[in-house]
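Residue-level structure breakdown
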Amino acid sequence: MEKIIQTALDLAKKAFDLGETPIGAVIFNTKTKEILCFAHNLTEENKDPTAHAEILAIREAGKLLKNANLSGYSIFSTLEPCAMCACAISWAKLDNVYFGAYDVKSGAVENGIQMFKHTHHKPDVFGGFHEAECADLMSCFFKEKRK
């Protein structure tokens, strides 16, 4: 699991360097823990508000597996997924959601609307992995943006 978390953190740092909100996401095989694909936010570069790390990773996984049903796979994101990403995770039927920092303002898994209470597919959720490091990266990013 540590390799998966580190990959997501490296992706978040890459996003930070590109001026994107620093979020990384990794989709991996639930049983073997082998990484299938990964992404970081590209909303600014793509001029696309849906280009969140989780959405981009889910799109790539579907292409690689030639299937929209991603059961047997899990996702790790450096930040608690928003409502849009949580819905996509549910529709993709991912087994588990792991995330780093909690997002009191825009999160929709443990905070806010708690999307999985309202969806047809309810993945297991585990939060707080490398929470401080993930949260610090977000804080630094928004401090820089305010300057």
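Residues numbered from 1 in each chain as written. Predicted model: local features only at pLDDT ≥ 70, side-chain atom pairs only at ≥ 80, totals over all residues. Heavy atoms only, no water.

Some points on the overall build of the protein chain
Helix and strand counts for the protein chain stand at five helices and five strands. Reading the helices (α) and strands (β) of the protein chain from amino to carboxyl end gives α-β-β-α-α-β-α-β-β-α. Taken over the C-alpha trace, the protein chain has a radius of gyration of 14 Å; the compact-globule value for 147 residues is 15 Å, and the two agree within 12%. Dimensions of the protein chain along its principal axes, counting C-alpha atoms only, are 45 × 30 × 30 Å. The proportion of buried residues among the 147 residues of the protein chain is 48%. The long-range share in the protein chain, meaning contacts at least 24 apart out of those at least 6 apart in sequence, stands at 60%. Accessible area of the protein chain: about 7,500 Å², with a carbon and sulfur share of 54%. Between the mean site of the 17 positive side-chain charges and the mean site of the 19 negative ones, the protein chain shows a separation of 4 Å. (Helix = DSSP H or I, 4+ residues; strand = E, 2+ residues; numbered from the N terminus. Rg over C-alpha atoms; globule rule 2.2 N^0.38 Å. Buried < 20%, exposed > 50% of the residue type's maximum accessible area, 1.4 Å probe, protein only. Contact = heavy atoms within 4.5 Å. Areas by Shrake-Rupley, 256 points an atom, 1.4 Å probe, with all protein chains shown as cover. Lys, Arg positive; Asp, Glu negative; His and termini not counted. Charge placed at Lys NZ, Arg CZ, Asp CG, Glu CD.)

Things to note about the nonpolar core
Counting residues in hydrophobic clusters, the biggest one holds 42 residues, and the most contacted among them are Ile-27, Ile-58, Leu-70, Ile-75, Phe-76, Ile-89 and Leu-94. Secondary structure elements with two or more residues in this core: α1 (2–17), β1 (24–29), β2 (35–40), α3 (53–65), β3 (73–79), α4 (83–92), β4 (96–101) and α5 (131–146). Take this core: its biggest share by element is six residues, from α3. Dropping the residues within four chain positions of it, Ile-58 is found in contact with Ile-27, Leu-70, Ala-88, Ile-89, Ala-92 and Leu-94. (Core = buried A, V, L, I, M, F, W, Y, C linked by side-chain atoms within 4.5 Å.)

That is the geometry; function is a separate question.
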